[in-house]
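# Close look at the chain arrangement
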Amino acid sequence: LYEDDSEDYSSVTADYLLKKMKQDKSVVAITSATPAVLGFTADKRAEGGAQFVDVGIAEEHAVTFATALARSGAKPVFGVYGTFLQRAYDELWHDLCLNDAPATILVFGASIFGTTSETHLSFFDISMLGGLPNMHYLAPACMEEYLSMLSWSLDHREHPVAIRVPGIGLVSRPDLAPAEDTDYSAVRYNVVRQGRDVAVLALGDFFELGERVANRLAAEYGIEATLVNPRFATELDREFLDSLAAEHRVVITLEDGILDGGWGERVACYLACTPFRTRTFGIAKGFPDRYDPNELLAQNGMTVENMAAEAVRLLNE
């Protein structure tokens, strides 16, 4: 595990896409007046040439444009800040998903640790995209997994793919992206650590937080929990969830977003008629303004100490 302050997900994305553009003329990067979100500085925009398109402040057009390109055989990648994604909801639904066009949407800054002004909140994306048919929404936990998902999405020709770019800094975790597991067509959660009694399912950039919860359960309570990197932000690995019944009694979920309509709520709903005790962790729906992210997490019970204690409480009931 390491964090690299000299790079970020934007610069990594630009380097990757420019490399792919040179290899494949059908790859097109799209921005809606925010080229920096994709890491395309002036020199990189010039390097991309006609394969880099800035449509101006028009997220709606960017999605429709990406749909048309994908339907014509190109491989469009639209990079957008999560806080602006809602502007294009109609086009995501009516153009992209209805036409089942294989475009890639990269959602940046969709995190409690993103912009904190009430007018630019960016953590409603999972609920917003979760109801869209045909959409795969992937949530990588590290740089390697992100690049693996991006590489897969460019060649995936069946459905639209959105990727929730991690919002808590660039983290390298090669162990979370095994080379043999690079097909995201089927929904499969990644069991990183096998345990029993308690299963900790920690989505996307909150995987590290879930790992800390699992570590505390072991150190403080002697519970060797199963630790899972779900990878899919809006879809369920039902076979995996069914398999938990053999050796687990408690499931807790962590996500970097609101609970209402979120991923954890889907897990809890699926497990509702089973003997499992399920506890979902995220933040309450609302418009917090200029908040401190760590304080907001604490207000919603998302400290390592509280989440571990809650798992134990449920286990002992």
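Everything that follows concerns the structure shown earlier in this document.
From a predicted model like this one, the values you see are computed outputs, not experimental measurements.

### Topic: the sheet that holds strand 11 (residues 226-229)
An order of 9-11-10-12-13 is seen for the five strands of this open sheet, with the pairing classed as mixed. With partners counted over all chains shown, the strands left at the sheet margins are strand 9 (190-193) and strand 13 (277-283), one partner each. For this sheet, the mean inter-axis angle between neighbouring strands, taken without regard to orientation, is 25 degrees. In this structure, strand 9 lies alongside strand 11, joined through three bridges in antiparallel fashion.

### Points about helix 9 (residues 263-270)
Within helix 9 the residues assigned to the buried category are Trp-263, Gly-264 and Val-267. Down the axis of helix 9, the buried side of the element spans an arc of 100 degrees, and every buried residue falls inside it. Against helix 5 (125-130), strand 10 (197-202), helix 8 (238-243), strand 12 (248-258) and strand 13 lie the buried residues of helix 9.

### Looking at the layout of surface pockets
In this approach, a probe sized like a water molecule rolls over the atoms, and the result shows the empty space that is left. Reported here for the largest pocket is a volume of approximately 420 Å³. Contributing to the lining of the largest pocket are 24 residues, with Ile-168, Asp-205, Glu-208, Leu-209 and Arg-212 lying nearest its centre. Taken together, the elements giving at least two residues each to the lining of the largest pocket come down to helix 7 (207-221), helix 10 (293-299) and helix 11 (304-316). Of the residues that constitute the lining of the largest pocket, the class distribution is 15 nonpolar, three polar and six charged. Taken together, 19 residues form the lining of the second largest pocket, with Tyr-81, Phe-108, Gly-109, Pro-166 and Gly-167 sitting closest to its centre. The class makeup of the residues in the lining of the second largest pocket is nine nonpolar, nine polar and one charged.

Definitions and limits used
Residue positions within a chain follow its written sequence, with the count starting from 1. Note on the predicted model: pLDDT of at least 70 is required for a residue's local features to be given, and 80 or more for side-chain atom pairs to be given and counted; whole-chain, interface and lining totals, by contrast, use all residues. Excluded from the side-chain calculations are hydrogens and water; all other atoms, namely the structure's heavy atoms, are used. Criterion used throughout: strands pair if DSSP finds at least two bridges between them. A helix here means a DSSP run of H or I that spans at least four residues, while a strand means a run of E at least two residues long, and both kinds are numbered starting from the N terminus. The convention used is that axes are lines fitted to C-alpha atoms, helices contributing only their stretch in contact, and that angles between N-to-C directions extend from 0 to 180 degrees. Three exposure classes are used, based on accessible area relative to the maximum for each residue type with a 1.4 Å probe and protein chains only: buried under 20%, partly exposed in between, and exposed over 50%. Each C-beta atom gives one direction from the helix axis, and the arc is the one those directions make. Contacts are residue-level and defined by heavy atoms, with any inter-residue pair within 4.5 Å sufficient. Points on a 1 Å grid over protein atoms alone make up a cavity when a 1.4 Å probe fits among them but cannot get out, and a pocket when they form an open set with protein on both sides within 12 Å along at least five of seven lines; lining residues each have an atom within 4 Å of a point. Grid points are joined across faces, edges and corners, and a volume is the space filled by probe spheres set on the points. Residues are sorted three ways: Asp, Glu, Lys and Arg are charged, Ala, Val, Leu, Ile, Met, Phe, Trp, Tyr, Cys and Pro are nonpolar, and all the rest, Gly among them, are polar.

The values reported here are purely geometric and, on their own, carry no functional implication.
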